[in-house]
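Examining the three-dimensional arrangement
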Amino acid sequence: MGRFLGYSCSVCGAEYGPDEVTYTCPMDGGNLDVILDYAAIAKSTTAGQIMASREESIWRYLPLLPVIEPGHKGTPLWAVGWTPMFRPDRLAKKLGLQNLWLKDDGRNPTASLKDRASAVVVARAEEIGVKIIITASTGNAGAALAGMAAAAQMPALILAPKNAPQGKVAQLLMFGAKVILVNGTYDDAFDLSLMAADTFGWYCRNTGYNPFTAEGKKTAAFEICEQFSKATGKVSDVKWGVPDAVFVSVGDGNIISGLHKGMKDLHELGWIDRMPRIFGVQSQGSSAIYNAFAAGTEEIKPVHATTIADSISVDLPRDGLRALRAATQTGGAYIQVSDDDILAAMRTLGRDAAVFAEPAGATPYAGLVKAVEQGLVRPDEQILMLITGNGLKDIKGALRAAGKATVIEPDLDALKKALKQSDSRAEESGR
Ligand SMILES: *Cc1c(COP(=O)(O)O)cnc(C)c1O
């Protein structure tokens, strides 16, 4: 397959052939960027050809991916991506923005953006003849791998922290993966999974560590630009449009790195004229990359993560350097928000945009509120929020944001009384 040339280390820049390494740089452990042959890609396809594709999944971008076409057509492996993008007008009005966009990646087969990474890693695993695949996960990466592995009928083993939300653990179990909960944090599970993969010879999907995760996640950038072109009528055979600013939540930093890589691919191909500013949003309780950004350094120091947003609760980000550069190299920024900001964002997204997001999924909105306050975006700019996961995955978090329902006896008087009480409560809270 001609377009996959190899890897380059994000730390030292050393380059490797496609079969020379599997995970990280042998010299310094840096995460590897996949090198593509853009000239070969430009010969094999065009922006216009892809725009005309009838394939409604990430596989419409196969000519830009470093894998061969996977089998299993008609399974959820072929239902990943091509998630809806729309204009949440009421939210825009609330923020005083004229051109706000929302892309809902909670509408993937296992209800998070992680399906993009797991689908491409599973395709790679099949290509290189892997028998067993393992990952550490806060929940979603594991659910995505379990789901995609079930579609490909490949055995999978998931290590997650024992306090992962029940909805995510249920998903892992339902897809038939071997699920082991670790009495420790995500970071503990991560280290254990590396040792296990090494000891037993399993293929490791770990976020950032496996170069194909970012290659899967970059498809979100492709969709953003292609869908943005279609929605704004800027359709051409050779070019796609691009928003001015993109907001995404950040834990390990692999989604934001993937977004950046996808935009760079399109820019290299000349399909977009400029890069969007990329904004990473972290919880105050898990803000290792924000801290480095604020200090103006590339040295990322671990924190002791505590946040309601479990999907971005990370002590040591596993893709921190690339994640930091996604913002610094595009003129974006890092923003930190509190757990209360995140809970409020969940409510607002539900009420004003009809999107039910898990805490980490709603975090970009909380960040956008701050960015508007701080003047980091202009009211007339094209701004996109990427919602990364569905709220049903974390019912406890959702109920913390949404509050409790009233229980009454089944009679009309009790209903009237309850309605009156709820009206006066709404008035008090100013809604
Ligand atoms: C994994 C995840 C994130 C964060 O992605 P990173 O690559 O860890 O930065 C955000 N939101 C959801 C729903 C996730 O599952």
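Each remark here, short or long, concerns the structure printed above.
Definitions and limits used
Residues numbered from 1 in each chain as written. Predicted model: local features only at pLDDT ≥ 70, side-chain atom pairs only at ≥ 80, totals over all residues. Heavy atoms only, no water. Near = heavy atom within 4 Å. Polar contact = N/O pair within 3.5 Å; in protein donor to acceptor, adjacent residues only side chain to side chain. Areas by Shrake-Rupley, 256 points an atom, 1.4 Å probe, with all protein chains shown as cover. 1 Å grid on protein atoms, 1.4 Å probe; cavity = no way out; pocket = protein on both sides within 12 Å on 5 of 7 lines; lining within 4 Å. Sits in = over half its atoms within 2 Å of the grid points. Nonpolar A, V, L, I, M, F, W, Y, C, P; charged D, E, K, R; others polar. Pairing = 2+ DSSP bridges. Helix = DSSP H or I, 4+ residues; strand = E, 2+ residues; numbered from the N terminus. Contact = heavy atoms within 4.5 Å. Axes fitted to C-alpha atoms, helices over the stretch in contact; angles between N-to-C directions. Buried < 20%, exposed > 50% of the residue type's maximum accessible area, 1.4 Å probe, protein only. Points joined across faces, edges and corners; volume = space filled by probe spheres on them.

Near the ligand you find 16 residues, and of these Lys114, Asn140, Gly251, Gly253 and Thr388 are the closest. Within the backbone of aspartate 252, a nitrogen or oxygen atom sits 2.8 Å from an oxygen atom of the ligand. Out of a free accessible area of 380 Å², the ligand has 98% covered by protein chains. Cavity membership is defined here by more than half of the atoms lying within 2 Å of grid points; on that basis the ligand lies in the largest cavity. Here the shell around the ligand is built from residues that sort into four nonpolar, eight polar and four charged.

So, about the sheet that holds strand β7 (residues 156-161). If you walk across this open sheet you meet the four strands as β8-β7-β6-β9, and the pairing is parallel. Every other strand in the sheet has two partners, leaving β8 (178-182) and β9 (203-204) as the edge strands with one partner each. Its contacts with the sheet place helix α7 (residues 186-200) against β6 (133-136), β7, β8 and β9, and it is angled at close to 155 degrees to β6.

Considering the arrangement of structural elements, one finds serine 137 in the loop between β6 and α5 (140-152). With relative accessibility at 1%, the residue serine 137 sits in the buried group. Separated by 2.8 Å, the side chain of serine 137 and the backbone nitrogen of glycine 142 make a polar contact. In this structure serine 137 touches Gly142, Ile158, Leu159, Ala160, Pro161 and Tyr186, once residues within four positions along its chain are discounted.

Here we come to the layout of surface pockets. By volume, the largest pocket amounts to about 600 Å³. In terms of lining residues, the largest pocket is bounded by 25 residues, among which Asn163, Ala164, Pro165, Thr307 and Asp310 are the most central. Residue assignment for the lining of the largest pocket shows that the elements contributing at least two residues are α6 (166-174), α7 and α15 (395-402). In terms of residues, the lining of the largest pocket owes the most to one element, α15, which gives four residues. What the second largest pocket holds in volume is close to 340 Å³. Asn31, Pro317, Arg318, Asp319 and Gly320 are the residues nearest the centre of the second largest pocket, which is lined by 17 residues in total. Counting residues per element, the lining of the second largest pocket draws most heavily on helix α12 (residues 320-328), at three residues.

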